Amino acid sequence: MNQEKYLKNRVAMVTGGASGMGKAIALAFAQAGANVVIGSLLASNNSSKPEELVYLPGAEELETTKKEIEELGVRAIATNLDVCSMESVQAFYDVTIKTFGKIDILANAAGISAEQTICGHSDRLWQKVIDVNLNGVYRTIKLCLPGMIEQRWGRIINIASTAASVGSPSNGAYCAAKAGVVGLTRCVALEGAAYGVSCNAISPGWVETKFGKSWMTHIAETVEEQNPEQYIQQTKQTNPQKRMIQPQEIGALAAFLCREEAFGITMQELTVSAGSLW
């Protein structure tokens, strides 16, 4: 097999795949030869509240990402996806199986955050952050893992965060959810280990995506009371590598974890933060 196309004939599902880290992961899979199905909650289906920190792409952005994937010489499907809805996740799974007959790779990159202390925390917002970041991962894995076990090959990659192991006074829901993703990752890895299925979590620090920069802008304006651009530059300078992680770096790691040589890497939380704790 062409080592540059080591995922040829593989099928990958990517949540949050229209933008940011999800898009970078989808493109990396396609570059390696996999057919890719991406799903993202679209702005036209927006039911989010102002206190929810989330980036929702438009239908045009979803279609543009699909075309970029196809330009790499593979097949692609792009669809609206709400990971909080089992019905929506089931439809996402069903269209993949109907089109390609199997799922070899699952990458969970859909996410949401919030800036609220536990004192006075909105119960609705707490449940929403947990539902997207943790329950959404559970829903996709629950559908995909049995088929991977049956075919005795599978790769599951969950986007967690440095927040899984580093606390923040205004990110209780997000930190709890991401810690839960790491815990779930370890359990799934053990469940699939004997059947050719690996499962890992990637925990990025700040990543230079539209979502990442909008989140940092929110912190600058509402928490730190600073100019957003100055705050972002200051954050870069406090990073040991004096920069923010690029989404392509997350994509490259996700694709590497799908290689045959990487099967022994499982049940791991892999931090990509340029040396920064958060």
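Keep in mind it's a predicted model, so treat the numbers as computed, not measured.

Time to look at the packing of aromatic side chains. The geometry of an aromatic ring pair comes down to the distance between the two centres and the angle between the two planes. Scanning the entire structure with this criterion turns up 3 aromatic pairs. Taken together, a centroid distance of 5.0 Å and an interplanar angle of 75 degrees make the contact between W206 and W215 edge-to-face. Taking the centre distance of 5.8 Å and the plane angle of 35 degrees together, the rings of F211 and W215 count as tilted. Taken together, the positions of F211 and W215, both in helix α6 (residues 210–222) and 4 residues apart, correspond to about one turn of that helix. Of the two residues examined, F211 and W215, each falls in the buried class. Ring pairs connect the aromatic residues Y174, W206, F211 and W215, which therefore count as one cluster. One residue, R155, lies across the ring of W153, its end atom 4.2 Å from the ring centre. Taking NZ or CZ as reference, R259 lies 4.1 Å from the ring centre of Y6, over its face.

The subject of this paragraph is empty space enclosed by the protein. A complete count under the given rule lists 1 cavity of 30 Å³ or more for this structure. Quantified by volume, the largest cavity comes out at close to 30 Å³. Lining the largest cavity, in full, are T15, V83, N108, A110, V132, G136, V137 and T140. Among the residues making up the lining of the largest cavity, the classes are represented as 4 nonpolar, 4 polar and no charged.

Relative to each other, helix α3 (residues 86–100) and helix α4 (residues 123–151) sit at 40 degrees, their axes nearing to 10 Å. Classified by the angle between their axes, α3 and α4 sit oblique to one another. Between α3 and α4 lies a crossing whose hand is right-handed. Seen from α3, the contacting residues are M86, V89, Q90 and Y93; seen from α4, they are R139, T140, L143 and C144.

Now for the nonpolar core. Where a protein is soluble and globular, its nonpolar side chains tend to be buried together. Counting 35 residues, the largest nonpolar core has L7, V14, I25, F29, V36, I69 and I202 as its most contacted members. Apart from residues no more than four positions distant in its own chain, L7 is found in contact with F29, A32, G33, A34, I105 and C258. In this structure, I77, L81, L106 and L143 belong to the second largest nonpolar core, which totals 31 residues.

The subject of this paragraph is helix α2 (residues 59–70). Taking 1.5 Å per residue, 12 residues should reach 16 Å; α2 reaches 17 Å between its end C-alpha atoms and fits that length. When we look at burial in α2, the residues that qualify are E61, L62, T65, K66 and I69. All buried residues of α2 lie within an arc of 145 degrees about the axis, which places them on one face of the element. On its buried face, α2 sits against α1 (20–31), β2 (35–40), β3 (76–80) and α6.

Parameters and conventions
Residues numbered from 1 in each chain as written. Predicted model: local features only at pLDDT ≥ 70, side-chain atom pairs only at ≥ 80, totals over all residues. Heavy atoms only, no water. Phe/Tyr/Trp six-rings, centres within 6.5 Å; stacked < 30°, edge-to-face > 60°. Helix = DSSP H or I, 4+ residues; strand = E, 2+ residues; numbered from the N terminus. Buried < 20%, exposed > 50% of the residue type's maximum accessible area, 1.4 Å probe, protein only. Lys NZ or Arg CZ within 6 Å of the ring centre and 35° of its normal. 1 Å grid on protein atoms, 1.4 Å probe; cavity = no way out; pocket = protein on both sides within 12 Å on 5 of 7 lines; lining within 4 Å. Points joined across faces, edges and corners; volume = space filled by probe spheres on them. Nonpolar A, V, L, I, M, F, W, Y, C, P; charged D, E, K, R; others polar. Axes fitted to C-alpha atoms, helices over the stretch in contact; angles between N-to-C directions. Parallel < 35°, antiparallel > 145°, perpendicular 65-115°, else oblique. Left-handed = near helix turned anticlockwise from the far one by under 90°. Contact = heavy atoms within 4.5 Å. Core = buried A, V, L, I, M, F, W, Y, C linked by side-chain atoms within 4.5 Å. Expected span 1.5 Å × (residues − 1). Arc of directions from axis to C-beta.

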